[in-house]
Structures are given as structure tokens and as C-alpha cells.
2 protein chains.
Amino acid sequence: MAEILVTADELAKRLMAALAAEGVDEEGAAATTMALMHASRLGVDSHGARLIKHYCKVLRGGRVNAHAVVSCHRTGPATAMVDGDNGLGHLTSYRAVSVAIEIARESGVGAVGATRSSHFGAAGAYALAIAEAGMIGFATTNTDSIVGLFEGTEPFHGTNPLAFAAPVTGEKPWLLDMATSSIPLNRVLLYRSLGKELPDGVAADENGAPTRDPNVAQMLLPLGGEGFGFKGAGLAGVATLLSAVLTGTTLDPDFIPMVNTDNISTPRNMGHFFLAIDPARFAGANVFAAGMRAYLDSLRKVPAADGGKVMAPGDREWDVEAQRLRDGIPIDSETAAFLNFSH
Amino acid sequence: MAEILVTADELAKRLMAALAAEGVDEEGAAATTMALMHASRLGVDSHGARLIKHYCKVLRGGRVNAHAVVSCHRTGPATAMVDGDNGLGHLTSYRAVSVAIEIARESGVGAVGATRSSHFGAAGAYALAIAEAGMIGFATTNTDSIVGLFEGTEPFHGTNPLAFAAPVTGEKPWLLDMATSSIPLNRVLLYRSLGKELPDGVAADENGAPTRDPNVAQMLLPLGGEGFGFKGAGLAGVATLLSAVLTGTTLDPDFIPMVNTDNISTPRNMGHFFLAIDPARFAGANVFAAGMRAYLDSLRKVPAADGGKVMAPGDREWDVEAQRLRDGIPIDSETAAFLNFSH
């Protein structure tokens, strides 16, 4: 059974229904659906609709609280902490983002830490929500260990994403959503099934030795690879410092694994960090808008090596979104079956 | 004439004197000396004492205002703009850092943009100053074009550093100060003089084709190299968005070159961005301190591939500092002559 193509509206409806069936209320289901649809629309399929089955499983198991009551505690003129009550990470995160934007309107910058959260999907969804409110957005989380340290022999950090977004007048936002490893783990699994060699410097074997063989790859390497992986590892540390150390939540090596564990009943106490920066309090919204325009015009004028065009962060994703909204969103067979799509 | 070893005290004294000779007042000379000494002590020689000759030249040329009066404009409960009056970037930046810390104590987070600044040396100096005040620090700047975009054929971004620092109880701070290219330009020049091949994926020729030949390398490649350079290019963009677009200052391709130009009389209107985050407004200073301890203990327990030890960001630099404070700071012959060190 191959993947099928579905419309965004129909997919969103099925995701809402699947979550409602687990007892999640309207707001929680809408938040998770919005985050999953963000990823599925933009082509980040690892963080899209395919996660619904996992979320339903952990809701049923008790790891994630279907009836979470998210609470917010304002801790300063520019800061707040949001307690997710062990509910869906998307609900906690969109709530934290709203608070960050509200604070930034008041104070110029809003920084919000989240605790007792869970997997929040694609970090870019939250940075984007801030950009859509006219501000520079930043979102990060730490996750369970799968990426080595520079010259380390064991997984230590998670793929710890850093996501930044900024509004662009008359265009979709500038959007950078990047793991601090070169590739995600599912790329290794894909190459394994394709019998294809991995690129240099993206994965290592059980002794920490870099390998291109996906069958012996046991951990990912940080961005920068064999020569410069200390930079990717440092950036992964930034995600951990802000998401976990600052908020007092779980460190990467201490997480109950997201998958491949029998324990789906214990909350993971995941933390995140969100930042909203209002251009109005710096050179002003108009100067910022003109600057983004000049920056992107200048960037897009650079000739690409292959005769194509150079892209800004997000350009590829917005192209994918346009194409998918036109042609349909591809859903793998397992997820299609779970969501009762007929073939 | 080879390099010589000098004491930190003597070097700082000579740097102060050289700046005073250009008419820079006590505060400005002290700020520049502190930033240069940071780099020279920690082994970041590209941004250390060797820059003094350049700074004196541009002070004399008028590009940098020896008599700058830095001013600060508070724009919100969590934000401020600092106008450097085209003076030394270190003075502007340390002033901005003080303001960011003060604001963060008040509001939880302090974000400060700098305008009409100039080259500020090593970004890590400013992130570190924030960590020394007990907070998480972030500092960034954009610089003149020398790094290509992903698949681009011309230099676009500068080496645009991102620097983060965090306090660690009983230890020197955690300190990540990284260019968003894999290597700095002077590494290319060094390899040229050594007749050595560059690593893969760090530089490109005049057509944007990656090359390991330092003699044909015309631009640097973003962190992540041939396969994943879109990540490094995106991070360079983050530096530009925060430092230049947000503050309304000069974009990377529009800078009068730092060196290799006859124009040393026109100010470059460089921007920077600084952020201070007070752990007291999140899980609290004690929880943060315990978390940093647990994080670093856990990290340092990971066996290194070569049987050595895995390092946290800053560990190598603090080792170099200890060694240099014991044995002396190496100064190249040209700088030694400029500072009137005898041989």
C-alpha cells in the first residue's frame, strides 16, 4: 500500500477527530492539529501527520495528559513560565507563544519557559506563529539523546532544534527550523532501507567512529561533522541550556525515550524556550520591513552554482506548501490506515 | 623575527598606551583593551592584540571616532538601543552589555541593539560579561561579505559570529563563540603560507565550486559544508537579522571592507545585538546552577574517541588561558614591533 494524497482540510479534520477520540478537548486538539498540519503542509513529514498515531498511543498510555490544564505564571516584566500539566506539547507551546507575543508587545521582548510539556512537533511552527504576529520569533527544545558530542563515543544531546522566523512584508516569513545534527535519525533508517551510503560526517558507529554505512550507524553526529562538530554540539547545548537547564526540566540523557520504550505511562517533563522580539522597540517596524526587503532582494540576486536560484530559509518549504495545497498532502499508508482514509 | 611571549599585564598596558596615543579616553581604551585581552588570553589570536595596529589606523583615518560619546535610549521595559557615535565597537558593546544586564535584573530579559558601532573584536567577550553577571548571555554581529550562501557563487554573509555564555558555579563560564562559517579567512591564508590542503567543504573558488586548494579559495563556505551549508547560511542570516535588520544598520554586502580598502575615513555603521536572560525569572538561580552542574558532569563522563576527554564549549579556551597566564601570551613580530616590545 503506497502513500496517498489528501487535502489539508480533510487531513486536519481527521487529526482533530483522532485526538477527540482520546478525550482531548477542542483547544488541545486544535493546537496539536495546527502543529502537525504546519509540518505536513511544509514538507517536514517527520514531524507531520505521521506522529498522530504516536500521540494517541501516549495519550492512552497516560504519559500525556488528555485533560491538561495549562497554566501561566508571569515572573517579570519580560518573562513568564508556562506549566503544561503534562499535556500535549503543542498546546503548551502555542500557549507559551501567545504569552511571549503579549509580553513582547508590552515590554519589547517576551521570553517564556515551558515545563511539564511533551513532544511539541516542529519547532518552526512556534517561531512562525511569532513572526505572523509581526515579531522575530525563536523556539527551541531539547530531546532524548541520539547525537554524539564532538569526538564523543556515546549519544548525548537530542537533535535539539533551533527555529527562528521573521516577518517579511508581502511574503511568507523568513523561516529557519534546523536540527543541530546534520540529519535526523529517520534519514539513517531511510538510507538503510534504500541500501544507500550516508554522506560523510553525519553518523557514527557504536564506538563513535564516523561511518557512511547506515546499517552500523548508531548515533548522529553534530552539525559540522568530523572537523567542526564542536559547533553543532555547542548549538545543541544552547538548546538544552535554554529549554531544560533554565526551566529546571529533563536533561537530554535523562529522558524516558520518546519511542522504543515500554514506558508510555510516565510523563517526560520536557521543557521548551520561546522568545519574541518586537522590531517596534529597535529601529522600528518600518525600518525593519525595509531591511528585510533589502536583505532578501540582495540575497536572491546571488547566482546559484547550478544556474538555479539561491534560497532564503523557508523558501523551499513555502514552495512545497504551495504545491501540496494544490496537489494534496502525501500520507504514508500506516498513518492513512490509522486515520481511516480509504484507498 | 619570531613571535615573543609577554605577560598579560604588560600587554594590557601597551594596548592602553597605544589607544591613548590616538586620543582615546580612559573608558574607551579600557573597553578595547579588555576585549583584545579576552581574545589574547583565551587563544583567539585572530581577534586579540594583533588588531591594535588596525584599530589605531582607523582611529587616525577617522573611520572610528576616538572621542565618541556613546548614548543609550531605553525603548521599552526589556529593550534599549545604544548609539556608538561611530566610536570603538568594544566601548559601544560593553556599554550595551551593561544596559542589557541592568534591564534583565529589572525585567528578566534585556535585549539591546547597537548602532553606529564598529568592529567589536570577539563576540564571546560580551556573552561572557553577561555570564559573569550570573545570566545567560548572547552576543552577535554581522560583518563584511566573505562567506557564500548555500550553493551560491559569491560571498554574501560575513563570518557572522553567534556567542553564548552561561555561568557555572565554581568554574569558568560555559562559553560558545562560533563563526557561522566552518573556518575564518585567516585559516585560508595560513594554509596558503604552509602549502597545506584545506579540509573538505570549508572554502570555494571564484565560481563557488568547493576547493581544498588555499591558493584558489576566494570565499568561505557556511558551517555544514557542501551537504548542509544551508544551516550555517541560515545561522549567518540570524546574525544579520538581529544585528543589522533589527537595528537598521549596514547589511553584510554593503559594508565598506574592514581591511583591503583605501577608505579608512568613512564610518561603517555596524550593528550588534545583545541579550541577557536572568535565570532567577525562570526556574530560579539555584535550580539553574544545579542544572548546569548536572549537565556538565554528565557531558564530561562521555568517553572521547581518542581516549582523551570530551570538552564543553569554553573548556579548551580556559585551558589556553591558564597556560598563557603562566607562560606568557605569544605576540606576532609585527604587533610586537608596533607595541614597542624589545627583542
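Above this text is the structure in question.
The structure displayed is predicted, hence computed values, not measured ones.

Q: Would you mind showing me how to read unusual backbone geometry here?
A: Glycine aside, residues mostly have negative phi angles, and peptide bonds mostly take the trans form. Residue and element names in this part refer to chain A. Look at glutamate 151: it is not a glycine, yet its phi comes out positive at around 65 degrees. With respect to the element layout, glutamate 151 can be found in the loop between β6 (147-148) and β7 (155-157). Judged by its relative accessible area of 44%, glutamate 151 is partly exposed.

Q: Looking at this model, I keep getting lost on the packing of aromatic side chains. Mind explaining?
A: In this description, an aromatic ring pair is defined by two values, namely the gap between the centres and the angle between the planes. Residues and elements named next belong to chain A. Across all of its chains, the model carries 20 aromatic pairs over all chains by this definition. Following the ring pairs from residue to residue traces out a cluster consisting of Tyr94, Phe120, Tyr126 and Phe274. Lying over the aromatic face of phenylalanine 341, arginine 14 brings its terminal NZ or CZ to 4.2 Å of the ring centre.

Q: Would you explain the relation of the copies chain B and chain A in this entry?
A: Turning one copy of the chain about an axis and sliding it along that axis gives the other copy, so a rotation and a shift relate them. Superposing chain B onto chain A takes a rotation of 180 degrees plus a shift of 0.0 Å along the axis, which leaves an RMSD of 0.0 Å. On this basis, the relationship between the two copies can be described by a two-fold rotation axis. Considering only C-alpha atoms, the part of chain B nearest the rotation axis is B:Gly224, at 2.5 Å.

Q: It is not clear to me how the environment of B:Ser98 should be interpreted in this structure. Could you clarify?
A: Within the secondary structure layout, B:Ser98 lies in helix α4 (residues 89-107). In this structure, the C-alpha to C-alpha distance between B:Ser98 and B:Ala129, residues 31 residues apart in sequence, is 8.5 Å.

Q: Sorry, what's going on with the environment of B:Leu19 here?
A: Residues and elements named next belong to chain B. For leucine 19, the location among the structural elements is in helix α1 (residues 8-21). Leucine 19 sits 14 residues away from threonine 33 along the chain, and the two C-alpha atoms are 8.6 Å apart. Aside from chain neighbours lying at most four places away, what touches leucine 19 is Val24, Ala29, Thr32, Thr33, Ile52, Leu59 and Leu88.

Q: Whenever I open this one, the pairing of strand β12 (residues 270-277) of chain A confuses me. Can you help?
A: On a regular strand, each side chain points to the face opposite its neighbour's, so the side chains alternate between the two faces of the sheet. Residues and elements named next belong to chain A. Counting buried positions along β12 yields 8 of 8 residues, so the element is predominantly enclosed. Here β12 shows no split at all, with Met270, His272, Phe274 and Ala276 on one side and Gly271, Phe273, Leu275 and Ile277 on the other all buried. Relative to β12, strand β4 (residues 109-117) is paired through 7 bridges, and the arrangement is antiparallel. What sits directly across from serine 117, in β12, is methionine 270.

Q: Explain the sheet that holds strand β2 (residues 71-76) of chain B to me, please; I cannot follow it from the model alone.
A: Within a sheet, each strand pairs with its neighbour through backbone hydrogen bonds, oriented either parallel or antiparallel. All names here are of chain B. The strand order β2-β3-β4-β12-β5-β8-β9 describes an open sheet built from 7 strands, whose pairing is mixed. With one partner strand each, in any of the chains shown, β2 and β9 (171-178) form the two edges of the open sheet. Across the sheet, the mean angle separating the axes of adjacent strands is 15 degrees when strand polarity is ignored. Seen against the sheet, α4 touches β2, β3 (79-83), β4 (109-117) and β12 (270-277) and runs at an angle of roughly 160 degrees to β4. Packing against the sheet, helix α5 (residues 124-131) makes contact with β5 (136-141), β8 (162-168), β9 and β12, and its axis sits at approximately 25 degrees to β8.

Q: Explanation requested: the interface of chain B and chain A in the structure shown.
A: It is common to report an interface's size as the accessible area lost on association of the parts. Listed as interface residues are 73 residues of chain B and, on the opposing side, 74 residues of chain A. Note on chain B versus chain A: buried area summed over both sides is about 5,800 Å², and carbon and sulfur give 78% of it. When the area that chain B buries against chain A is broken down by residue, the three leading residues are B:Lys231, B:Phe282 and B:Tyr295, summing to 12%. At the junction of chain B with chain A, the criterion picks out 0 salt bridges. Taken together, chain B and chain A are joined by 18 residue pairs in polar contact (both at pLDDT 80 or more). Ranked by the residues each element gives to the side of chain B that touches chain A, the list is headed by helix α7 (residues 225-245) of chain B, at 10 residues. Class assignment for the residues of the side of chain B that touches chain A results in 48 nonpolar, 19 polar and 6 charged.

Q: What should I look at first to understand the pattern of salt bridges in this one?
A: For side chains bearing opposite charge, pairing can occur when the charged atoms are close. Residues and elements named next belong to chain B. Inspection of every chain in the model, using the stated rule, returns 38 salt bridges over all chains. Glutamate 321 is paired through a salt bridge with lysine 172; the nearest N and O atoms lie 3.4 Å apart. Highlighted residues: glutamate 321 in helix α9 (residues 315-327) and lysine 172 in strand β9, separated in sequence by 149 residues.

Q: Just checking my understanding: could you explain the pairing of β4(A) for this structure?
A: Residue and element names in this part refer to chain A. Most of β4 is tucked away, with 8 of its 9 residues classed as buried. In the sheet, strand β3 (residues 79-83) pairs with β4 via 5 bridges, with the strands oriented parallel. Across the sheet, methionine 81 pairs through a bridge with glycine 113, a residue of β4. One crossover worth recording links β3 to the parallel β4 by way of helix α4 (residues 89-107), and it is right-handed.

About the criteria used
- Residues numbered from 1 in each chain as written.
- Chains lettered and ligands numbered in written order.
- Predicted model: local features only at pLDDT ≥ 70, side-chain atom pairs only at ≥ 80, totals over all residues.
- Heavy atoms only, no water.
- Helix = DSSP H or I, 4+ residues; strand = E, 2+ residues; numbered from the N terminus.
- Buried < 20%, exposed > 50% of the residue type's maximum accessible area, 1.4 Å probe, protein only.
- Phe/Tyr/Trp six-rings, centres within 6.5 Å; stacked < 30°, edge-to-face > 60°.
- Lys NZ or Arg CZ within 6 Å of the ring centre and 35° of its normal.
- Least-squares fit on C-alpha atoms with pLDDT ≥ 70 in both.
- Contact = heavy atoms within 4.5 Å.
- Pairing = 2+ DSSP bridges.
- Axes fitted to C-alpha atoms, helices over the stretch in contact; angles between N-to-C directions.
- Buried area = accessible area lost by both parts, 1.4 Å probe.
- Salt bridge = Lys/Arg side-chain N within 4 Å of Asp/Glu carboxyl O.
- Polar contact = N/O pair within 3.5 Å; in protein donor to acceptor, adjacent residues only side chain to side chain.
- Nonpolar A, V, L, I, M, F, W, Y, C, P; charged D, E, K, R; others polar.
- Right-handed = clockwise from strand over helix to strand, strands pointing away.

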